[in-house]
Amino acid sequence: MNEMAGKAPTTDIADRDTPLIRNCWYVLDWSDEVGRELNNRMVLNQSLVYFRTRDGGIVALQNRCAHRGFPLHRSTLHDDDTIQCGYHGLTYDTSGACVKVPSALDMDTSSIGIQRYPIVEKPPMVWIWTGDPARADPGLLPDYDWVNSDEWGYGTGFYHVKGNYLAIHENLMDITHFQYLHGAALGTPKHAESKITVTVDGDTVDNYRVNEGEPVPQLHQRATRLGDAPIIRHAHSTFITPGFHDALGKFEDPAGTVDGRTEYQPHILHFITPETQYTSLYWWIFARDFTPRDAELDAFYSDATSKVFEEDKDAIEWIEDQWARDDRPGYREKHVPSDEGAVKMRRIVTRLAEAERAGEA
Amino acid sequence: MNEMAGKAPTTDIADRDTPLIRNCWYVLDWSDEVGRELNNRMVLNQSLVYFRTRDGGIVALQNRCAHRGFPLHRSTLHDDDTIQCGYHGLTYDTSGACVKVPSALDMDTSSIGIQRYPIVEKPPMVWIWTGDPARADPGLLPDYDWVNSDEWGYGTGFYHVKGNYLAIHENLMDITHFQYLHGAALGTPKHAESKITVTVDGDTVDNYRVNEGEPVPQLHQRATRLGDAPIIRHAHSTFITPGFHDALGKFEDPAGTVDGRTEYQPHILHFITPETQYTSLYWWIFARDFTPRDAELDAFYSDATSKVFEEDKDAIEWIEDQWARDDRPGYREKHVPSDEGAVKMRRIVTRLAEAERAGEA
Amino acid sequence: MNEMAGKAPTTDIADRDTPLIRNCWYVLDWSDEVGRELNNRMVLNQSLVYFRTRDGGIVALQNRCAHRGFPLHRSTLHDDDTIQCGYHGLTYDTSGACVKVPSALDMDTSSIGIQRYPIVEKPPMVWIWTGDPARADPGLLPDYDWVNSDEWGYGTGFYHVKGNYLAIHENLMDITHFQYLHGAALGTPKHAESKITVTVDGDTVDNYRVNEGEPVPQLHQRATRLGDAPIIRHAHSTFITPGFHDALGKFEDPAGTVDGRTEYQPHILHFITPETQYTSLYWWIFARDFTPRDAELDAFYSDATSKVFEEDKDAIEWIEDQWARDDRPGYREKHVPSDEGAVKMRRIVTRLAEAERAGEA
């Protein structure tokens, strides 16, 4: 159950208890994970069944037979793209309409159906909309088609996180944690101490920092071969929607240490989907415009970022556990200057939650 | 704790949240499982200790010492049929009266006692009554003495089910699930599509269906040796009480394919006991009047029905999990014609729950 | 969360649901377990981090960074005794004051801090106070310095108990359970049946019993070598505070069976700390003034008492489980004469809880 659904936010800075934002695109899966099997995933507290149709589309339906609630992902997908419930045989087409009740073949089934969810496949991701279908505008999806071009290579990863999705967003908004949580893999002393410029544009929030005179962090040594060369490191981390965070970096090497090249861009796409109020699904694409088309480097980035992001996952889960168990009535988070972006993001989420509640009322 | 105890039913069609029916006989155990050990089982949210007395009777008591709540099934059964608590030695006779407080031998113990429950042993089952003892009429028990005669053989089984007991009843009331959940073991296409006649008699509900022209299902091939012979298949599935469902079948073979025999009766007794609001105890006797007195066939039916009924157990537990986790506020079960019997049964249970609440008030 | 915090006691005889008593010293750990690692323990529902400073003191702090709640026991202890949070690097001194925010080095951090708890090390135990610091008087601590003298030897033990701390106190107050729960290790028939004298002195409650004519229980046979010699057995079990129970025994052997010795004192210190409302931390020192300075006997007592006390742990956890699961609305504990001390203790605890609530209001 969604304990918080329909409740008013209790704080103007959204937190783990703030109602989830339904009118938003969220990633459901990787494109290449969706085939002719019936998959199951819970998104915003709703259990879904989804599969690829014979004509190559993707369908996501309520994973609960309208009759007695049997989970449809444990049922049968027929060649004609209908799902037949594994309990009493009710059969649904891809619109969610019941087209057959075997024990009552002459029955009018028009009142029987299950919810179909808007889906957009935009490789390598599949997106779902669990809010008002009338508002499911594909134009709201982020543009990341460039990632499929030959100019870019990328590693990927996925984690199930036992923590609220906002904690993942906040983690990404304040990269002063690089040095303390991840050490040399991502952090350098000056990086943590560099100033941050926050820019709010509509419902997006960008954090920008730049620092110079330090080498690229260890994670990128292999792909850049920059060694100890001092660089200018630019980093944008941008909250785009409750389901998507964009992190664009740039390493400037005016000396052109390697073959005269002066710019290197790492670009990380973070896809964040609330599974329940206190658990999340988290995918990422860790892209680079240097040494692309190198499968071994792609695998290296998948492995290396999984190790690093597991530290984020741990941090988020440990903090969630503190909220759940540490009884400290006076506890209120203290904000420091580097939280400016995250706090602005959390105010936006509160506003979105308020708007959804007003819309329902 | 029993979350629902004392609450009014919220729907006229009883569901998993409807208060349990206390004034009813429920099976506690198999007769031959009760000996001189102290057994423990939870029935309708109450923990019980039970054992066989030296004179061969069966006693069931509150499994909680009146003094400090120590579980009596972890205590000592003396040769004189008293139980001595394993914590401070309080001793209870078979009526539940405290007959000794070792640290106060001269104390008047008449105010100290634990609840004794009405028990009836009717082999091969032991029945318990957790409601008003004054209403525990053995005459309300179903008659199944025939099962012990030489004319019948049977296999047996038991499952602990993580689901509400009504879901087991409903499963049994609508056997259109045979084909979809169990496949060829029990189902045949025409069987699922045959019409059902529902008869309500007092608080009992019978579903009757007949279909013809198909062979006996696989489960019965070995014992009937009917092979492909087309038969007329009659099936009654009858809700008798919240604790008991009776399923009587008949295969007619007018051709007398095997030694001229024209009728075969499978007769299954389903004993269903709520353990808690959302978990159940489920025993069955799968009897037949064909090839009785065949221990190997008995074992075959025990094994084969356990495999089939595990599919029912899975279905019930998966559905229970949907109710617990899938947040779908608008979800209401849709009823189809084959649910007529189950819906009538569930209305009866609501009425029984209302009557119990009125009686308590 | 502490479900009961701030609520009024619902009974004059405190029980598992009575709010925990905060203004009291509780044991946090063994002295020799506290070194330069960051330890973590939950006490009265609050998560703590604690460690030994370079000058040999012990510091216990709120285990939750003021910024985003990261657990500090998973952070870094620097050589200057500061803890630097493993997430964004906020740094705390031993007073709990934040002395550095790396991403805002010029920031005024005076409003950022974490709670420091009063600690007293009194070997071999470390004590903590989670209530009003102004009331944390070390003079309230029990005196057990004698245990460190050469005249005494001791075994030790520790258990995490899934039960409310009062159940441990009550277990210790009524030693009629020796014979039934522990059998010959601690009990003898006359011991269980001997009369008890209860003396209340302020907020302490002493139970005293004496019985004669039986040998020392098995546990003490090896260290006393008294064999079958009939002794006079004195036993005090005394509730001192919600965090401490003192059990002083004396075996009198007027015949001087062994080398003419006529008195033997076992003296057991029980340190009981509520971890949460329904779980507890339990340490003990099982001391003797006979055959001291014998490491092998110390080890024997550690092993043997751990075995015996595991039976108490089991009893307490089983009873807690009954409270949680057995739905028996009419159940009220029955008190017998040997409960006099425990009931008086529980009334005192209710009074303490009322006083704390009044003080907060």
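First things first, this report covers the structure right here in the doc. Quick caveat, the model's predicted, so the values are computed rather than measured.

1. Remarks on the relation of the copies chain B and chain C
Relative to chain C, chain B is turned by 120 degrees and slid 0.0 Å along the rotation axis, the superposed coordinates differing by an RMSD of 0.1 Å. Such a turn and shift between the copies fits a three-fold axis.

2. Describing the interface of chain A and chain B
Contacts between chain A and chain B engage 34 residues on the former and 31 residues on the latter. Surface buried jointly by chain A and chain B totals about 3000 Å² across both partners, of which 51% is contributed by carbon and sulfur atoms. Considering only the side of chain A, the residues that lose the most area to chain B are Arg64(A), Arg68(A) and Tyr87(A), jointly responsible for 29% of the buried surface there. At the surface where chain A touches chain B, the tally comes to four salt bridges.

3. Focus on the sheet that holds strand S1 (residues 25-30) of chain A
Residue and element names in this part refer to chain A. Strand order in the open sheet formed by three strands is S1-S11-S10, and the pairing between neighbours is antiparallel. One side of each edge strand has no neighbouring strand; the edge strands of this open sheet are S1 and strand S10 (119-122). Between one strand and the next, the sheet's axes are offset by a mean angle of 30 degrees, whatever the strand orientation. Sheet analysis places S10 next to strand S11 (residues 125-129), joined by four bridges and oriented antiparallel. Opposite valine 120, over in S11, you have tryptophan 127 as the bridge partner.

4. Let's talk about the sheet that holds strand S10 (residues 119-122) of chain B
All names here are of chain B. Ordered by their spatial adjacency, three strands build an open sheet running S1-S11-S10, and the pairing between neighbours is antiparallel. The strands lining the two open edges of the sheet, one partner per strand, are strand S1 (25-30) and S10. Averaged over neighbouring strand pairs, the angle between their axes works out to 30 degrees when direction is ignored. The sheet contact formed by S1 and strand S11 (residues 125-129) spans five bridges and is antiparallel. Bridge assignment links valine 27 to a residue of S11, and that residue is tryptophan 127.

5. Some words on the interface of chain B and chain C
Listed by partner, the interface residues are 34 residues for chain B and 32 residues for chain C. Its largest share of buried area at the contact with chain C, chain B owes to Arg64(B), Arg68(B) and Tyr87(B), together 28% of the area lost on that side. The interface formed by chain B and chain C holds four salt bridges in total. When the shortest N-O distance is used, the salt bridge between Arg68(B) and Asp339(C) registers 3.6 Å. Counting every contact that joins chain B to chain C gives 20 residue pairs in polar contact (both at pLDDT 80 or more). Its residues assigned to classes, the side of chain B that touches chain C comprises 16 nonpolar, 15 polar and three charged.

6. Thoughts on helix H6 (residues 340-360) of chain B
Residues and elements named next belong to chain B. Spanning 21 residues, H6 covers 31 Å between terminal C-alpha atoms, matching the ideal 30 Å at 1.5 Å per step. Buried within H6 are the following residues: Gly341, Ala342, Val343, Met345, Arg346, Ile348, Val349, Thr350, Ala353 and Glu356. Buried positions along H6 lie against helix H1 (165-173), strand S13 (196-201), strand S14 (204-214) and strand S15 (231-241).

7. A closer look at the packing of aromatic side chains
Tallied over the entire structure, the rule returns 57 aromatic pairs over all chains. An angle of 65 degrees between the planes, with centres 5.9 Å apart, marks the rings of Tyr144(B) and Phe271(B) as edge-to-face. You can see Tyr144(B) sitting in the loop between S11 and strand S12 (153-161) and its partner Phe271(B) sitting in strand S18 (residues 266-276), a full 127 residues away along the chain. Among the residues examined, Phe271(B) registers a relative accessible area of 0% and is labelled buried. Within the aromatic cluster, the residues linked to one another by ring pairs are Tyr159(A), Tyr282(A), Trp284(A), Phe286(A), Phe300(A), Tyr301(A) and Phe309(A). In this arrangement the basic side chain of Lys122(A) is found over the ring face of Tyr144(A), its NZ or CZ atom lying 5.6 Å from the centre.

8. A closer look at the side chain of His267(C)
Residue and element names in this part refer to chain C. Considering the arrangement of structural elements, one finds histidine 267 in strand S18 (residues 266-276). Take histidine 267: its relative accessible area is 9%, and that puts it in the buried class. Within the local environment of histidine 267, its side chain forms a polar contact with the side chain of aspartate 246, the two groups lying 2.9 Å apart.

9. Here's the deal with the pairing of strand S19 (residues 279-288) of chain C
Residues and elements named next belong to chain C. For S19, the buried fraction is high: 10 of the 10 residues fall into the buried class. Burial of S19 is two-sided: the residues Thr279, Leu281, Trp283, Ile285 and Ala287 facing one way and the residues Ser280, Tyr282, Trp284, Phe286 and Arg288 facing the other way are all buried. Relative to S19, strand S12 (residues 153-161) runs antiparallel, the two being bridged by nine bridges. Directly across from histidine 160, in S19, lies its bridge partner leucine 281. In the sheet, S18 pairs with S19 via 10 bridges, with the strands oriented antiparallel. Of the residues in S19, the one forming a bridge with phenylalanine 271 is tryptophan 283.

10. Remarks on the pairing of strand S4 (residues 58-62) of chain A
All names here are of chain A. Most of S4 sits inside the fold, with five of its five residues counted as buried. In terms of strand pairing, strand S3 (residues 46-52) meets S4 through five bridges, oriented antiparallel. Paired with valine 49 across the two strands is leucine 61, which belongs to S4. Between S3 and S4, which follow one another and run antiparallel, lie five residues, and glycine 56 among them has a positive phi close to 95 degrees. Direction of pairing for S4 relative to strand S9 (residues 116-117): antiparallel, over a ladder of two bridges. Bridged to alanine 60 within S9 is tyrosine 117.

11. A closer look at the state of the cysteines
Residues and elements named next belong to chain C. All chains considered together, the criterion is met by zero disulfides over all chains. Sulfur of cysteine 65: no disulfide; nearest cysteine sulfur belongs to cysteine 85 and is 3.9 Å away. Residue class for cysteine 65 comes out buried when judged on its relative accessible area of 1%.

12. A closer look at the pattern of salt bridges
Pairing is possible between side chains of opposite charge, provided their charged atoms come close. Per the counting criterion, the structure on display carries 72 salt bridges over all chains. Measuring nitrogen to oxygen at the nearest pair gives 3.7 Å for the salt bridge that ties Arg68(A) to Glu333(B). With Arg68(A) in the loop between S4 and strand S5 (76-77) and Glu333(B) in the loop between helix H5 (295-325) and H6, this pair bridges two chains. Judged by relative accessible area, Arg68(A) falls into the buried class, the value being 4%. Ionic contacts of the salt-bridge type, sharing partners, join the residues Arg68(A), Glu170(B), Glu333(B), Asp339(B) and Arg346(B) into one network.

13. Let's talk about the side chain of Gln62(A)
Assignment of secondary structure puts Gln62(A) in strand S4. In this structure, Gln62(A) is in contact with Ser47(A), Val49(A), Leu72(A), Ile114(A), Gln115(A), Tyr117(A), Arg328(B) and Tyr331(B), ignoring residues within four places of it in sequence.

14. Structural notes on the nonpolar core
Taken as a class, soluble globular proteins show a tendency for nonpolar side chains to be buried jointly. Formed by 82 residues in total, the largest nonpolar core has its most connected members in Tyr92(B) and Leu28(C). For this core, the element with the highest residue contribution is helix H5 (residues 295-325) of chain C, accounting for eight residues. Excluding residues within four positions of it along the chain, Leu28(C) makes contact with Arg41(C), Val43(C), Leu48(C), Tyr50(C), Ala60(C), Ile119(C), Val126(C), Trp127(C), Ile128(C) and Trp283(C). In this structure, Cys24(A), Val126(A), Ile128(A) and Ile272(A) belong to the second largest nonpolar core, which totals 59 residues.

15. A word on the packing of helix H1 (residues 165-173) of chain A against helix H6 (residues 340-360) of chain A
Residue and element names in this part refer to chain A. Two elements in contact, H1 and H6, have axes whose closest approach is 9 Å; the angle formed by their N-to-C orientations is 150 degrees. Of the two possible hands of crossing, H1 and H6 adopt the one that is right-handed. Contacts between H1 and H6 involve Tyr165, Leu166, His169, Glu170 and Met173 on the former and, on the latter, Gly341, Ala342, Met345, Arg346 and Val349. Taken together, the residues of the contact of H1 with H6 sort by class into six nonpolar, two polar and two charged.

16. Details of the environment of Pro123(C)
Take Pro123(C): it is sitting in the loop between strand S10 (119-122) and strand S11 (125-129). Those residues in contact with Pro123(C), other than ones at most four positions away along the chain, are Ser31(C), Tyr144(C) and Asn148(C).

17. Focus: H6(A)
Within H6(A) the residues assigned to the buried category are Gly341(A), Ala342(A), Val343(A), Met345(A), Arg346(A), Ile348(A), Val349(A), Thr350(A), Leu352(A), Ala353(A) and Glu356(A). On its buried face, H6(A) sits against H1, strand S13 (196-201), strand S14 (204-214) and strand S15 (231-241) of chain A.

Calculation notes
- Residues numbered from 1 in each chain as written.
- Chains lettered and ligands numbered in written order.
- Predicted model: local features only at pLDDT ≥ 70, side-chain atom pairs only at ≥ 80, totals over all residues.
- Heavy atoms only, no water.
- Least-squares fit on C-alpha atoms with pLDDT ≥ 70 in both.
- Contact = heavy atoms within 4.5 Å.
- Buried area = accessible area lost by both parts, 1.4 Å probe.
- Salt bridge = Lys/Arg side-chain N within 4 Å of Asp/Glu carboxyl O.
- Pairing = 2+ DSSP bridges.
- Helix = DSSP H or I, 4+ residues; strand = E, 2+ residues; numbered from the N terminus.
- Axes fitted to C-alpha atoms, helices over the stretch in contact; angles between N-to-C directions.
- Polar contact = N/O pair within 3.5 Å; in protein donor to acceptor, adjacent residues only side chain to side chain.
- Nonpolar A, V, L, I, M, F, W, Y, C, P; charged D, E, K, R; others polar.
- Expected span 1.5 Å × (residues − 1).
- Buried < 20%, exposed > 50% of the residue type's maximum accessible area, 1.4 Å probe, protein only.
- Phe/Tyr/Trp six-rings, centres within 6.5 Å; stacked < 30°, edge-to-face > 60°.
- Lys NZ or Arg CZ within 6 Å of the ring centre and 35° of its normal.
- Disulfide = S-S within 2.5 Å.
- Core = buried A, V, L, I, M, F, W, Y, C linked by side-chain atoms within 4.5 Å.
- Left-handed = near helix turned anticlockwise from the far one by under 90°.

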